[in-house]
Amino acid sequence: MAAIGRQVTSTLLERHESEILGEWLQRLRSEGASQNGRIPESELKAQCKEFLQQLRTAIATGDNDVNGPAYAGVRDLLANISSSRATQGFSPRETALFIFSLKQPLFDMLQRHGKLDEKVVLEANWTIGLLMDSLGLFTMEAFQKTREELIVRQQQEIAELSTPVIKLWDGILALPLIGTLDSQRTQVVMESLLESIVSQGAAMAIIDITGVPTVDTLTAQHLLKTIAAARLMGADCIISGIRPQIAQTMVHLGVELTVVSKATLADAFAVALARQGRTVSKIKVQPAQAGMPRD
Amino acid sequence: MDRIPILKLGDALLVTIQVDMHDQLATALEEDLTNRIVQVGARGVLIDISALEIVDSFMGRMLDNIAAVSRILDAVTVVVGMRPAVAITLVELGLSLAGVKTALDVERGMALLGRNTRTTEDDGD
């Protein structure tokens, strides 16, 4: 029975392709699928046309299994379309509409042109319904997957962005930490700090935790790990930017940082300079050297 | 069996590990180094591990042991040139080598040794 339904659908698609395409596009437009011109009309039309062709060949050759090899072309096309929709910022509804708005034109066409047995029409309806539903689900899956990939990529980018290693002076590095320190971020922080220590030959590193909202025992442990690794390579660490509340919390929790810690980055920098035998002093600027000769 | 050469440089001993350490080599080094410290009366031991790419807990413990033995024999141990990956591995293994002094490269390591051997007060820490 399913074979009859498929056959009817296939013929329908073949004979009335332009008609179906027209109605489908009409429907997509009225539902706002082009989204204020985010997709050019011509591109949408090309996508629809290609999809209909792929679908026709798939139905003619394969079975009803959307995951089968016969539907590979259809699946690729849909995956492409939905992933491009996802990156363009379409909502799930707008993406799903691409498939689901094809349903109505197909049913209409079946009613209008099928001088067929009632049973056959029913069967074809059923086949189309099933097919469209599974293709719709596939579209949503592909859409979701692209969105998830996007989120993962953004997470990575945030992780990299939020851990810059800054050279303050010859041999003095600063690592301003921003955001919560979890084990994954600690890994990124540790690696970038150690790489910088090697590449710059830095013997001092200042870890500034002004931007870390909370410090619990786990965060402290992560910090200590980073410091231990830096020490193994021959660099000393100073922790700076511990806010008053955080200092209190740490004492209450019994967290002890067995390293030099300073209240501000400036203090820590002064200590680092002093250890290198350097000092910062104010120089007197002569009026003649200031660049603006006075009359 | 291969042995890792130990060079005498002033009153310090220089060990450069250029090959992958296997356990036997590590124990042999520990033994040789102990003997040489006593023999030449060395005040410092400098171990360069910049070519070492793979460490395990045994290797970490060996470094700790060498440091402990040297301390007993009144010599300071400095490990120099540890790679980031090696440092991370050792920390993850829970070996922070508390008894070992570290430096970025051989030059700074020698400077550190020089400072430590000149002032006798520092030897006790």
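Coordinates for the structure precede this section.
Residues numbered from 1 in each chain as written. Chains lettered and ligands numbered in written order. Predicted model: local features only at pLDDT ≥ 70, side-chain atom pairs only at ≥ 80, totals over all residues.

## Regarding the overall build of chain B
To keep things clear, this is the line we draw: The helix and strand labels rest on DSSP assignments: H or I over at least four residues marks a helix, E over at least two residues marks a strand, and numbering proceeds from the N terminus. Counting other C-beta atoms within 10 Å of a residue's C-beta gives its exposure: the residue is buried at 20 or more, exposed at 12 or fewer, and partly exposed in between, where C-beta atoms are placed from the backbone.
Looking only at helices and strands, chain B features 4 helices and 5 strands. Ordering the α and β elements of chain B from the N terminus gives β-β-α-β-α-β-α-β-α. Residues classed as buried in chain B amount to 39% of the 125 residues present.

## Describing the overall build of chain A
Here is the rule: Here, residues touch in the contact sense if the C-beta positions derived from the backbone fall within 7 Å of one another.
Secondary structure summary: chain A contains 11 helices and 5 strands in total. Buried residues in chain A amount to 31% of all 295 residues. Restricting to contacts in chain A with at least 6 residues of sequence separation, those with at least 24 account for 75%.

## Description of helix α9 (residues 217-232) of chain A
Here is the rule we go by: Here the expected span of a helix is defined as 1.5 Å times the quantity of residues minus one.
Given a rise of 1.5 Å per residue, 16 residues ought to cover 22 Å, and the 22 Å separating the end C-alpha atoms of α9(A) matches this to within 8%. The complete set of buried residues in α9(A) reads A:T219, A:H222, A:L223, A:K225, A:T226, A:I227, A:A228, A:A229, A:A230, A:R231 and A:L232. Buried residues belonging to α9(A) abut α8 (183-200), β3 (204-211) and β4 (236-240) of chain A together with α3 (84-92) and β5 (101-103) of chain B. Taken from the residues just after α9(A), A:G234 is the one with a positive phi, measuring 100 degrees.

## Quick look at the sheet that holds strand β2 (residues 12-16) of chain B
What links the strands of a sheet is backbone hydrogen bonding, and the strands pair in either a parallel or an antiparallel sense. Residue and element names in this part refer to chain B. Where we set the bar: Whether two strands pair depends on DSSP finding at least two bridges between them. Every axis in this analysis is a line fitted to C-alpha atoms, fitted for helices over the stretch in contact. Angles between the N-to-C directions lie between 0 and 180 degrees.
Strand order in the open sheet formed by 5 strands is β1-β2-β3-β4-β5, with mixed pairing between adjacent strands. Looking along the sheet, the strands with just one partner apiece sit at the ends: β1 (6-9) and β5. With direction set aside, neighbouring strand axes in the sheet form an average angle of 25 degrees. Here β2 runs beside strand β3 (residues 44-48); their pairing, made up of 5 bridges, is parallel. Within the sheet, the bridge partner assigned to V15 lies in β3 and is I47. Lying on the sheet, helix α2 (residues 57-72) is in contact with β3 and β4 (76-80); it crosses β4 at an angle near 150 degrees.

## Topic: the packing of helix α1 (residues 23-40) of chain B against α2(B)
All names here are of chain B. Here is the rule we go by: Geometric relationships in this document are graded by angle, where less than 35 degrees denotes roughly parallel, more than 145 denotes roughly antiparallel, 65 to 115 denotes roughly perpendicular, and other angles denote oblique. Here the nonpolar group is Ala, Val, Leu, Ile, Met, Phe, Trp, Tyr, Cys and Pro; Asp, Glu, Lys and Arg are the charged ones; every other residue, Gly included, is treated as polar.
Taken N-terminus to C-terminus, the directions of α1 and α2 make an angle of 10 degrees; their axes are 10 Å apart at the nearest point. Relative to α2, the element α1 is oriented roughly parallel. Residues D23, A26, E30, L33, T34 and I37 of α1 pack against F58, M59, M62, N65, I66, V69 and S70 of α2. Classifying every residue of the contact of α1 with α2 by side-chain character gives 8 nonpolar, 3 polar and 2 charged.

## Concerning the packing of helix α2 (residues 17-30) of chain A against helix α6 (residues 103-113) of chain A
Residue and element names in this part refer to chain A. Put simply, the rule reads: Should the near helix be turned counterclockwise from the far one by less than a right angle, the crossing is left-handed, whereas a clockwise turn marks it as right-handed.
Packing of α2 against α6 brings their axes to within 8 Å, and their N-to-C directions diverge by 140 degrees. Looking at the two axes, α2 sits oblique to α6. Considering only the axes of α2 and α6, their crossing is right-handed. Mapping the contact onto sequence places E19, I20, E23, W24 and R27 in α2 and Q104, P105, L106, D108 and M109 in α6.

## Details of α3(B)
Burial runs high along α3(B): 7 of the 9 residues are buried. Considered for burial, the residues of α3(B) that qualify are B:P84, B:V86, B:A87, B:I88, B:T89, B:L90 and B:V91. The inward-facing, buried residues of α3(B) contact α8 and α9 of chain A together with α2 of chain B. Following α3(B) by one or two positions, B:G94 has its phi on the positive side, about 85 degrees.

## Some points on the pairing of β4(B)
Residues and elements named next belong to chain B. What counts here: Handedness is read with the strands pointing away from the viewer; a crossover is right-handed when the path from the first strand over the helix to the second is clockwise.
Burial runs high along β4: 5 of the 5 residues are buried. Along β4, one buried face is formed by V76, V78 and V80 and the opposite face, lined by T77 and V79, is buried too. You can see the chain leave β3, run along α2 and come back into β4, and the turn it takes is right-handed. Bridging between β4 and β5 involves 3 bridges; their strand directions are parallel. From the neighbouring strand, V79 faces β5, where its bridge partner is T102.

## So, the sheet that holds strand β1 (residues 166-169) of chain A
Residue and element names in this part refer to chain A. With mixed pairing, 5 strands are arranged side by side in an open sheet as β1-β2-β3-β4-β5. Each end of this open sheet is capped by a strand with a single partner; those strands are β1 and β5 (260-262). The mean angle between the axes of side-by-side strands here comes to 30 degrees, regardless of whether they run parallel or antiparallel. Relative to strand β2 (residues 172-178), β1 is paired through 3 bridges, and the arrangement is antiparallel. Paired with K167 across the bridge in β2 is L173. Strands in contact with α9 are β3 and β4; relative to β4, the strand with the most contacts, it is inclined by about 150 degrees. Along the sheet, helix α11 (residues 265-275) contacts β1, β2, β3, β4 and β5; its crossing angle with β3, the most-contacted strand, is approximately 175 degrees.

## Thoughts on the interface of chain B and chain A
Quoted interface sizes are often the accessible area lost when the parts come together. At the junction of the two partners, chain B supplies 13 residues and chain A supplies 15 residues. Those elements that provide at least two residues to the side of chain B that touches chain A are α3 and β5 of chain B. Here the side of chain B that touches chain A takes 5 residues from α3(B), the largest share from any one element. In terms of residue class, the side of chain B that touches chain A is made up of 10 nonpolar, 2 polar and 1 charged.

All we've got here are geometric facts, nothing functional implied.
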